[in-house]
Amino acid sequence: MNKYDYIEEENDDFPSRFSSKKLVSKDGYSFDFHSERWMLNKDVSIAFMPDVLSMEPKLLDGFKKTLATYAEEQSAHHTSNMYLRFQRLLRDTKFKNLDEDVLLNWRAMLDKNNEWYLGALRGFLISWNEYGYYGVTTEMVKTLEILTLSGNKKGVSVANRCPETGAFTSNEVLALNHELIRLFRNNYISFQCYAYVSLLQATARRPTQLRQIKAADLFKEHDHSKNVTNFYLNIPRAKQRGGGFRFSFKKFPITEELYLTLRNLIRDETEKFESKLSIKLTASQATKIPLFIDWAMVFELAVKKTSLTDDLLDTDILNMSSTDLREHLLKNFQRKQKAISERTGDYIHITARRFRHTRGTNLGRKGLGPLIIAEALDHNDTQNVKVYTENTADTVTYIDKAIGKQLAPFANAFLGRIIVDLEQGERGHDLAARIPNKDNDIVGACGTNDFCIKGYESCYTCEKFRPLLDAPHEKFLSHLYAEKEVRLKTTKSEEYAATKDRLILAVEWVVQKCFELKQQRA
């Protein structure tokens, strides 16, 4: 197979995937979807064995599509492990039809030491179902979610709860946000993609709800009594008895930043829409433009020269489908992002459902009751709240000095490059590039001329930071740990005490790498 020089491609709106034989792994290797051997990187390849290839054709197709999606989004080793675990399931059970009974039978076959095989495969099977490919039913997902399985113990880097399908940790959320901003800033993802991921995280709503949003749903209100402006989004509700497209709504408060993001997206998409159809929308028609437009449908209307009527705008024909939101927007971000989970040491697995898990889990961690959580997740009652809230006692790893040392290599919080002297930085002898700490010690250099007023602490999580090898990073790290303990004793809140955990992991990594470099130089 050919190895691509890894250069992140600039935004491609709707990438062709299984319609094209050639796909590209996370490590930049091209592989043929229809081949019996996929080379995912220099060390890892997947060879489809005869027993796997002899599965029922529709099931094999669903399995390969899910595995190919993993290959595009996850590390080669993780993808290979999913293949091997599934192959083991097939060989142990010799199933002809994959269903919940097969999973339960395999669970019964595995001893305590090997029970983690099913635990490892669980995230893959749930993702398979969420991708919408043939093979894994909703009943199978329900079975998997209620099973309690022993894990493959790997130390502190693996959380007790599923790091593939469960809630994101605070550090994972920060890492994903950093990647989202980086990719958009460098034009590797579209504005549409950036807005959708931001909206998923901010609202924790289902894709089937977000796809229905139109321009009219975004608005602001000025509170004259308090002299403040509040920003809102009317989000269509889902899973309502007797309800259809945009049948009912719930008013959702948003930040001004998200409001401006969505307002600018609407402006850009409206201009593009008018250009493609060579029309000028009326004020009334402009309010009916979808937030996420199905451009394939727009192109079809343009080719057929279909008249744009109010009745047509009232339907969902111009709105992207939930599948398109996943495949063309969320998956585009997943394939290009490089955020690492401190729990697994691998790329963070992203699904829309995980944002809902995270919202529910965070609310549960704060001690809020099921009624409040149900309201926040837009449920009619509390019977399904347990699906979105996990045992919060198991979801937080308190990062102290011992844990921090072990998690730092996995967290990938430090993104810069260590230098021996200031002249090795991009700006060389430029005095303005030097970064002092609060004691006026020079801790490193800035690798960009961009304007920044964040202060030296934030530099450690910036990819443009060039920390000095001999700077007092250990002193700063000790200060951060001491500061964290003071916050914990003062507030009794681990959540508040953990607000600088990603910074701690970044500085911890700098300290470890500086020590290694000094050892090598000695």
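Everything below is about the structure shown above.
This report concerns the structure included in the present document. For clarity, every value in this text was computed on a predicted model and none was experimentally measured.

1. A word on unusual backbone geometry
Most peptide bonds take the trans configuration, and most residues that are not glycine carry a negative phi.
Line of reasoning, step 1. For A204, which is not glycine, the phi torsion reads 55 degrees and is therefore positive.
Line of reasoning, step 2. Mapping A204 onto the fold places it in the loop between helix 8 (191–203) and helix 9 (207–210).
Line of reasoning, step 3. A residue is classified by how much of its surface remains accessible, and A204, at 1% relative accessible area, is buried.
Line of reasoning, step 4. Of note, the phi angle at N440 is positive, near 70 degrees, even though the residue is not glycine.
Line of reasoning, step 5. Here N440 shows up in the loop between strand 8 (434–436) and strand 9 (442–446).
Line of reasoning, step 6. Given the relative accessible area of 60%, N440 is considered exposed.

2. A look at the sheet that holds strand 7 (residues 249–254)
Line of reasoning, step 1. With antiparallel pairing, the 3 strands of this open sheet are ordered in space as 5-6-7. Both outer strands of the open sheet, strand 5 (218–223) and strand 7, are each paired with one neighbouring strand and no more. Taking the axes of each pair of neighbouring strands and ignoring which way they run, one obtains an average angle of 35 degrees across the sheet.
Line of reasoning, step 2. Pairing analysis gives 6 bridges linking strand 5 to strand 6 (residues 228–236), with the strands arranged antiparallel. Residue pairing in the sheet places H222 in a bridge with T229 of strand 6.
Line of reasoning, step 3. Packing of helix 10 (residues 256–277) onto the sheet brings it into contact with strand 5, strand 6 and strand 7, and relative to strand 5 it is tilted by some 135 degrees.

3. What about the side chain of T358?
Line of reasoning, step 1. Within the secondary structure layout, T358 lies in helix 15 (residues 352–365).
Line of reasoning, step 2. According to the relative accessible area criterion, T358 is buried, its value standing at 8%.
Line of reasoning, step 3. There is a polar contact of 2.9 Å between the side chain of T358 and the backbone nitrogen of F168.
Line of reasoning, step 4. The contact partners of T358, leaving out residues within four places of it in the chain, are A167, F168 and V173.

4. Some words on the pattern of salt bridges
Line of reasoning, step 1. Enumeration over the complete set of coordinates arrives at 28 salt bridges.
Line of reasoning, step 2. Across the salt bridge formed by E426 and R466, the nearest N and O atoms sit 2.7 Å from each other. With E426 in the loop between helix 18 (401–411) and strand 8 and R466 in strand 10 (residues 465–467), this pair connects stretches of sequence that are 40 residues apart.
Line of reasoning, step 3. In this structure E426 comes out as partly exposed when scored by relative accessible area, which is 44%.
Line of reasoning, step 4. Residue class for R466 comes out buried when judged on its relative accessible area of 7%.
Line of reasoning, step 5. A network of salt bridges, in which partner residues are shared, links E457, E483, R487 and K500.

5. So, the sheet that holds strand 9
Line of reasoning, step 1. If you trace the 3 strands from one edge of the open sheet to the other, you get 8-9-10, paired in antiparallel fashion. Each having just a single partner strand, strand 8 and strand 10 make up the two edges of the open sheet. The sheet shows a mean angle of 35 degrees between the axes of neighbouring strands, taken without regard to direction.
Line of reasoning, step 2. Across 3 bridges, strand 8 lies against strand 9 in antiparallel orientation. Note on strand 9: the bridge partner recorded for I435 is G444.

6. Thoughts on the nonpolar core
Line of reasoning, step 1. Within the largest apolar cluster, 44 residues are counted, with the highest numbers of intra-cluster contacts made by F63 and W128.
Line of reasoning, step 2. Elements supplying a minimum of two residues to this core: helix 2 (57–73), helix 3 (76–93), helix 4 (100–109), helix 5 (116–131) and helix 6 (138–146).
Line of reasoning, step 3. In this view, F63 contacts F48, V52, M55, Y83, F86, F124 and W128; residues no more than four positions away in its chain are not counted.
Line of reasoning, step 4. Listed in part, the 41 residues of the second largest apolar core include Y188, I213, A215 and I348.

7. Concerning helix 7 (residues 170–185)
Line of reasoning, step 1. In a regular helix each residue adds 1.5 Å, so 16 residues correspond to 22 Å; helix 7 covers 23 Å between its end C-alpha atoms and thus fits that length.
Line of reasoning, step 2. Here helix 7 has its buried residues at N171, E172, A175, L176, E179, L180, R182 and L183.

8. Some points on the packing of aromatic side chains
Line of reasoning, step 1. Counted by the stated rule, this structure contains 24 aromatic pairs.
Line of reasoning, step 2. Summarising the aromatic geometry, the rings of F63 and Y83 are spaced 6.2 Å apart at their centres and angled 35 degrees between planes, so their arrangement reads as tilted. Of this pair, F63 sits in helix 2 while Y83 is found in helix 3, placing the two residues 20 residues apart along the sequence.
Line of reasoning, step 3. In this structure F63 comes out as buried when scored by relative accessible area, which is 0%.
Line of reasoning, step 4. With a relative accessible area of 3%, Y83 lands in the buried category.

Each value, and the rule that gives it
- Residues numbered from 1 in each chain as written.
- Predicted model: local features only at pLDDT ≥ 70, side-chain atom pairs only at ≥ 80, totals over all residues.
- Heavy atoms only, no water.
- Helix = DSSP H or I, 4+ residues; strand = E, 2+ residues; numbered from the N terminus.
- Buried < 20%, exposed > 50% of the residue type's maximum accessible area, 1.4 Å probe, protein only.
- Pairing = 2+ DSSP bridges.
- Axes fitted to C-alpha atoms, helices over the stretch in contact; angles between N-to-C directions.
- Contact = heavy atoms within 4.5 Å.
- Polar contact = N/O pair within 3.5 Å; in protein donor to acceptor, adjacent residues only side chain to side chain.
- Salt bridge = Lys/Arg side-chain N within 4 Å of Asp/Glu carboxyl O.
- Core = buried A, V, L, I, M, F, W, Y, C linked by side-chain atoms within 4.5 Å.
- Expected span 1.5 Å × (residues − 1).
- Phe/Tyr/Trp six-rings, centres within 6.5 Å; stacked < 30°, edge-to-face > 60°.

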